[in-house]
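# A structural walkthrough
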Amino acid sequence: MPQLVLFHRSWGIGSDDFVFPGAVDGIVRCVWLLIVIIMYSLYAKDPDDTCIDSVYLHVYFVGLIIFLLVTACLEFAIAYASKQGTIADSSGRKHLPYLLYIRFVVGLLEVTWNAYGTWVAFEASKHCRDGVVNLAKGTVIAGWVVLFIAVLTCLVVFNLYPATNKPRARTRQFKRASRRTFSQTKRWEKRCRCLFLCARNDTESTGVFTTLAELCADYFKGTDLVPSDVIAGLILLSRKQERERHQFRVYVDRASSRRPNEDFVDAADVSNEHVTRPTSWMTLDLMSHYLKYALGSYGWPFYLTLTKGMCGLCSLCMACRCCSCFRKERPVYSDNCCQCNTAAFVNTTGLDEDDIVHVSLHNE
């Protein structure tokens with residue numbers, strides 16, 4: 001689906017991504033509105049004549065009720081408009097940007113009113129009754145929390161590129177320099193570092209972040225994709241793979257006399273269409289052979305999880321070489337001092353030590 005365009009800039013969110021946020025925000029504001037109305041009605045029945053500034057509290061609560069009512073209606077309208085149409089057809093959501101513009105204006109007025117409520121709750125009504133003052137303080141704090149979440153959400157979905165970008169040309173040539181700039185790569189690198197705060201700030205991590213930033217800058221510049229598109233694509237891909245697995249089962253027969261469509265009984269949504277028979281090298285024996293190498297490449301922690309118990313630890317210790325970092329007998333690089341990862345690989349695959357030609361664990 002196309003990216004949402006607001007204020008002449010594309011955003012990293014689609015027009016159908018407001019159903020759940022709009023509905024949740026609308027429900028929260030309805031509950032908030034109900035609580036404020038009940039508490040304010042109790043306070044209004046017993047006015048505080050000793051507090052000369054109580055009129056400010058009355059004005060604030062009346063304005064707050066109006067804002068909560070308007071914003072709740074707007075959020076439900078945004079959620080309803082966002083669920084129109086389909087993933088491929090966004091024409092049913094053509095009025096959504098206008099609702100978002102209205103919501104933005106109302107949000108600015110709401111921020112102003114919350115600032116007024118902050119002054120009333122923490123300064124102007126100090127001498128009023130504690131119950132109504134605490135209610136005002138609670139609503140003010142809740143308002144600032146909602147504002148903070150909204151600003152944080154806008155920063156997350158903010159797109160690095162304006163809406164005037166042209167789509168990428170569908171060519172076979174991969175011209176990196178023509179599609180990205182140095183500043184775009186640096187901005188993507190900052191984003192990646194923010195996502196992985198626990199990563200070490202060394203030379204290897206810097207190279208990984210630089211490569212990841214270049215790929216993101218190349219791929220997302222000029223594209224019309226949003227994260228929900230990627231999620232929907234992964235769901236469809238998972239569904240396609242599940243369908244293919246069900247279709248592949250027809251060839252895993254223990255008896256040649258079995259009817260070809262007999263294995264489809266537990267896959268009602270899978271059609272009995274013709275499926276190409278797998279090639280001759282797709283056998284269970286070859287899969288079992290190469291699976292040992294795939295499992296062995298994960299190192300000694302994964303080896304211990306496979307063996308489960310002291311036997312695996314003992315066999316690993318017997319294959320390790322203590323203080324091997326001081327004696328270079330095998331071409332093993334970037335392993336630990338006892339070469340535990342290499343030992344786990346040898347034990348998993350069943351190879352002899354003479355079969356090891358070169359081992360490099362440099363790339364983490």
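Procedures and definitions
Residues numbered from 1 in each chain as written. Predicted model: local features only at pLDDT ≥ 70, side-chain atom pairs only at ≥ 80, totals over all residues. Heavy atoms only, no water. Helix = DSSP H or I, 4+ residues; strand = E, 2+ residues; numbered from the N terminus. Buried < 20%, exposed > 50% of the residue type's maximum accessible area, 1.4 Å probe, protein only. Contact = heavy atoms within 4.5 Å. Areas by Shrake-Rupley, 256 points an atom, 1.4 Å probe, with all protein chains shown as cover. 1 Å grid on protein atoms, 1.4 Å probe; cavity = no way out; pocket = protein on both sides within 12 Å on 5 of 7 lines; lining within 4 Å. Points joined across faces, edges and corners; volume = space filled by probe spheres on them. Nonpolar A, V, L, I, M, F, W, Y, C, P; charged D, E, K, R; others polar. Salt bridge = Lys/Arg side-chain N within 4 Å of Asp/Glu carboxyl O. Phe/Tyr/Trp six-rings, centres within 6.5 Å; stacked < 30°, edge-to-face > 60°. Patch = residues over 30% accessible without salt bridge, like charges linked within 9 Å, V, L, I, M, F, W, Y side chains within 5 Å. UniProt positions renumbered as here; feature names shortened; annotations may be inferred. Core = buried A, V, L, I, M, F, W, Y, C linked by side-chain atoms within 4.5 Å. Axes fitted to C-alpha atoms, helices over the stretch in contact; angles between N-to-C directions. Parallel < 35°, antiparallel > 145°, perpendicular 65-115°, else oblique. Left-handed = near helix turned anticlockwise from the far one by under 90°. Pairing = 2+ DSSP bridges.

Here we come to the overall build of the protein. Within the protein, the regular secondary structure consists of 11 helices and four strands. For the protein, the proportion of its 364 residues judged to be buried stands at 31%. Contacts in the protein between residues at least 24 apart in sequence constitute 69% of all its contacts with a sequence separation of at least 6. A total of about 24200 Å² of accessible surface is found on the protein, and carbon and sulfur atoms cover 66% of it.

Moving on to the layout of surface pockets. Of the voids in this model, the largest pocket is the one considered here, and its volume is about 1200 Å³. Breaking the lining of the largest pocket down by element, the ones donating at least two residues are strand S1 (3–6), strand S2 (9–14), helix H1 (19–45), helix H2 (54–82), helix H3 (96–124) and helix H4 (130–157). For the lining of the largest pocket, a count of residues per class yields 26 nonpolar, five polar and six charged.

This part takes up the pattern of salt bridges. As enumerated under the stated definition, the model contains seven salt bridges in all. The closest approach of N and O atoms between Glu242 and Arg239, which form a salt bridge, is 3.1 Å. Placement of the pair is Glu242 and Arg239 together in helix H7 (residues 227–248), with a separation of three residues, close to one helical turn. The class for Glu242 is partly exposed, based on a relative accessible area of 31%. Exposure remark for Arg239: the relative accessible area of 37% places this residue in the partly exposed category. Put simply, Lys240 and Glu244 hold a salt bridge, and the shortest N to O gap is 2.5 Å. You can see Lys240 and its partner Glu244 sitting in helix H7, four residues apart, about one turn around the helix. On the accessibility criterion, Lys240 (46% relative accessible area) is partly exposed. Here the salt bridges share partners, and the residues they tie into one network are Asp25, Arg29, Glu75, Arg103 and Glu110.

All chains considered together, the criterion is met by eight aromatic pairs. With 5.0 Å between their ring centres and 40° between their planes, Trp113 and Tyr116 make a pair best called tilted. Highlighted residues: Trp113 and Tyr116, both in helix H3, separated by three residues, approximately one helical turn. Accessibility expressed as a relative area gives 24% for Tyr116, which makes it partly exposed.

Together, Phe122, Ile141, Val145, Phe148, Ile149, Val151, Leu152, Leu155 and Val156 line one region of the surface with nonpolar side chains, adding up to about 880 Å² of accessible area. Looking at which element gives the most residues to the nonpolar patch, the answer is H4, with eight residues. The topology assignment puts Phe148 in helix H4.

Under the local residue numbering, the UniProt record ascribes the feature "transmembrane region" (unreviewed entry) to residues 18–43, 55–80, 100–121 and 141–161. For residues 18–43, helix accounts for 96% and strand for 0%, while the C-alpha atoms at its two ends are 36 Å apart. Along residues 55–80 the backbone is 100% helical and 0% strand, and the end-to-end C-alpha distance reaches 38 Å.

Tracing the backbone through its elements, the reader meets Phe302 in helix H9 (residues 299–307). Phe302 gets classed as partly exposed once you look at its relative accessible area, which sits at 31%.

We now examine the nonpolar core. Val36, Leu57 and Phe61 are the most contacted members of the largest nonpolar core, which has 19 residues in total. Of all the secondary structure elements, the ones that give two or more residues to this core are H1, H2, H3 and H4. The leading source of residues in this core is H2, at six residues. With residues up to four places along the chain from it excluded, the contact list for Leu57 reads Tyr43, Val120, Ser125, Cys128, Val132 and Ala136. Core analysis: the second largest hydrophobic core is formed by 11 residues, Trp11, Phe18, Leu100 and Val157 among them.

Glancing now at the environment of Ser205. On the secondary structure map, Ser205 appears in helix H6 (residues 203–220). Linking Ser205 and Arg193, residues 12 residues apart in sequence, is a C-alpha distance of 9.6 Å.

A pair of packed helices is characterised by two quantities: the angle between their axes and the separation of those axes. The geometry of H2 relative to H4 is characterised by a closest axis approach of 11 Å and an angle of 40° between their N-to-C directions. As far as their axial angle goes, H4 and H2 are oblique. Crossing of H2 against H4: the hand is left-handed. Residues Leu57, Tyr60, Phe61 and Leu64 of H2 lie in contact with H4, whose contacting residues are Val132, Leu135, Ala136, Thr139 and Val140. Looking at the contact of H2 with H4 residue by residue, the class counts come to eight nonpolar, one polar and no charged.

Turning to the pairing of S1, a few remarks are in order. Pairing analysis gives four bridges linking S1 to S2, with the strands arranged antiparallel. Of the residues in S2, the one forming a bridge with Val5 is Ser10. A loop of two residues connects S1 with S2, the two strands running antiparallel in sequence, and Phe7 in this loop sits at a positive phi of about 55°.

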